[in-house]
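Residue-level listing of the chains:
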Amino acid sequence: MAYLWIGSIRHSKMGYTVEYAVNPVKTAYIASAVEEAGMTANIAYALNPEKGTTRLFQTAINLDDVETAWSEMKATKERWGKTDGIQGFHVVQSFAPGEVTPELAHKIGVELLERCFPGYEAVIGTHLDRHHTHNHMIVNSVSFLDGRKYHSSQASYYGELRKVSDELCRKYGLF
C-alpha cells in the first residue's frame, strides 16, 4: 500500500511547490537505468529530447500544461475572487522500493486526483530520484467549475483520500 500525506500550501509557496512537483530532474525516466534511483549524473544527457531516451512522468489535470499550471490556477482564483488564504494542497503518495513501476505509480496518482478532486485543477509529477517511487500532486484550492474551495480535514483524509488510494493500490495488485 502507498503511504499518503496531504498538506496545505500558503500563498508564497504555491508557485515553488508546483515547479517542484513537475521538476524534470525528478520526473525523468532513463530507459537504460531503470533500477538506478540516483539519476542525476546523466540528467543533462537524458533530458535531451533528440536522444529519445527519456520520458517525463508529469500530467496536468484540468489545465492546459504543467508549464502554465500556476498561472492557470491563479486565474481561476481571480475569476472567483478567492485569492486569499490557502492556495492549494500538496499530496504525496509514496510506494515501497521496488513495489511499483514509474508508469503504474503515475497512473495510480492520476486516478487518485481524478476521483478525489473532480472540478479542481492539479498537476502530478512522479519522482524517480529516490529509492522509492513517489508522486507529488498539487491541487488548486478553488474549483474551476463553481469556485468552491476545497477544505482538507482528518475526515476527508481518512474517509476519502486514503480510502481511494488504498482501493487503487488493491486494484493494481499492490498490498
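Per-chain numbering applies: the sequence of each chain, read as written, is numbered from 1 onward. For a predicted model such as this one, the threshold for reporting local features is a pLDDT of at least 70, and the threshold for listing and counting side-chain atom pairs is 80 or more; totals across whole chains, interfaces and linings nevertheless cover every residue. Hydrogens and water molecules were not included; the side-chain quantities draw on all heavy atoms of the structure.

Participant: Looking at this model, I keep getting lost on a negative patch on the surface. Mind explaining?
Facilitator: Exposure above 30% relative accessible area and the absence of a salt bridge qualify a residue for a patch, where like charges join within 9 Å and nonpolar side chains (Val, Leu, Ile, Met, Phe, Trp, Tyr) within 5 Å. A 1.4 Å probe and the Shrake-Rupley method give the accessible areas. Residues count as covered only by the protein chains that appear here. Salt bridge, as applied in this entry: a Lys or Arg side-chain nitrogen positioned within 4 Å of an Asp or Glu carboxyl oxygen. His is not counted, nor are the chain ends; Lys and Arg add positive charge and Asp and Glu add negative charge. Where a charge sits is defined by one atom per residue type, namely NZ (Lys), CZ (Arg), CG (Asp) or CD (Glu). On the surface, Glu-19, Asp-64, Asp-65 and Glu-67 cluster together into a patch of negative charge. Relative to the assigned elements, Asp-65 resides in the loop between β4 (58-61) and α4 (69-80). Each helix corresponds to a stretch of at least 4 residues labelled H or I by DSSP, and each strand to a stretch of at least 2 residues labelled E; elements are numbered beginning at the N terminus.

Participant: Can you help me understand the pattern of salt bridges in this one?
Facilitator: Pairing between side chains of opposite charge can happen when the charged atoms of each approach one another. By the definition in use, this model includes four salt bridges. Taking the shortest distance from any N to any O, the salt bridge between Lys-171 and Glu-111 comes out at 3.2 Å. Taken together, the residues Lys-171 in helix α6 (residues 154-171) and Glu-111 in helix α5 (residues 102-116) connect sequence positions 60 residues apart. Notably, a salt bridge pairs Glu-167 with Arg-115, separated by 2.6 Å at the nearest N-O pair. Linking Glu-167 in helix α6 with Arg-115 in helix α5, this pair joins segments that are 52 residues apart in sequence. Judged by its relative accessible area of 42%, Arg-115 falls in the partly exposed class. The rule is simple: take the accessible area with a 1.4 Å probe, protein chains only, and divide by the maximum for that residue type; under 20% is buried, over 50% is exposed, in between is partly exposed.

Participant: Explain the pairing of strand β6 (residues 120-127) to me, please; I cannot follow it from the model alone.
Facilitator: In summary, the side chains of a regular strand alternate between the two faces of the sheet. Counting buried positions along β6 yields eight of eight residues, so the element is predominantly enclosed. Side chains Tyr-120, Ala-122, Ile-124 and Thr-126 of β6 all project onto a buried face; the interleaved residues Glu-121, Val-123, Gly-125 and His-127 project onto the opposite face, where all are buried too. Strands are treated as partners if at least two bridges between them are detected by DSSP. Bridging between β6 and strand β7 (residues 134-143) involves seven bridges; their strand directions are antiparallel. When the sheet's bridge partners are listed, Gly-125 is paired in β7 with His-136.

Participant: Explain helix α1 (residues 11-21) here, please?
Facilitator: For an α-helix, 3.6 residues make a turn, and residues three or four places apart therefore share a direction. For α1, every residue scored as buried is listed here: Met-14, Gly-15, Thr-17, Val-18 and Ala-21. Buried residues of α1, viewed axially, fall in a sector of 165°; they line one side. Across from the buried face of α1, at angles greater than 90 degrees, the exposed residues are Ser-12, Tyr-16 and Glu-19. By the convention used here, residues are in contact when the closest approach between their heavy atoms is within 4.5 Å. Where α1 is buried, its residues meet β1 (3-9), α2 (24-27), α4, β5 (88-94), β6 and β7. Throughout, the arc means the angular range of directions from the helix axis out to the C-beta atoms.

Participant: What exactly am I supposed to notice about the packing of α1 against α4 here?
Facilitator: Relative orientation and spacing of two packed helices are given, respectively, by the angle between their axes and the distance between those axes. Only the stretch in contact is used when fitting a helix axis, every axis being a line fitted to C-alpha atoms; angles between N-to-C directions are given from 0 to 180 degrees. α4 packs onto α1 with a crossing angle of 140° between their chain directions and a minimal axis gap of 9 Å. Relative to α4, the element α1 is oriented oblique. The two elements α1 and α4 cross, and the hand of that crossing is right-handed. When α1 is examined against α4, the residues Met-14, Gly-15 and Val-18 are found in contact with a partner set consisting of Ala-69, Trp-70 and Met-73. Partitioning the contact of α1 with α4 into residue classes produces five nonpolar, one polar and no charged. Note on terminology: angles under 35 degrees are roughly parallel, angles over 145 are roughly antiparallel, angles of 65 to 115 are roughly perpendicular, and the others are oblique. Should the near helix be turned anticlockwise from the far one by less than a right angle, the crossing is left-handed, and should it be turned clockwise, the crossing is right-handed. Each residue is assigned to one class: nonpolar for Ala, Val, Leu, Ile, Met, Phe, Trp, Tyr, Cys and Pro, charged for Asp, Glu, Lys and Arg, and polar for all the others, Gly among them.

Participant: Help me out: how do you make sense of the nonpolar core in this one?
Facilitator: As a rule of thumb, soluble globular proteins bury nonpolar side chains together. Of all hydrophobic cores here, the largest spans 28 residues; its most connected members are Val-91, Phe-95, Leu-112, Leu-113, Phe-117 and Leu-161. Sorting the residues of this core by element identifies β1, β5, α5, β6, β7 and α6 as the ones contributing at least two each. No other element matches α5, which puts seven residues into this core. Dropping the residues within four chain positions of it, Phe-117 is found in contact with Val-91, Leu-112, Val-139, Tyr-150 and Leu-161. Only buried Ala, Val, Leu, Ile, Met, Phe, Trp, Tyr and Cys residues count toward a nonpolar core, and they belong to the same one when joined by side-chain atoms within 4.5 Å.

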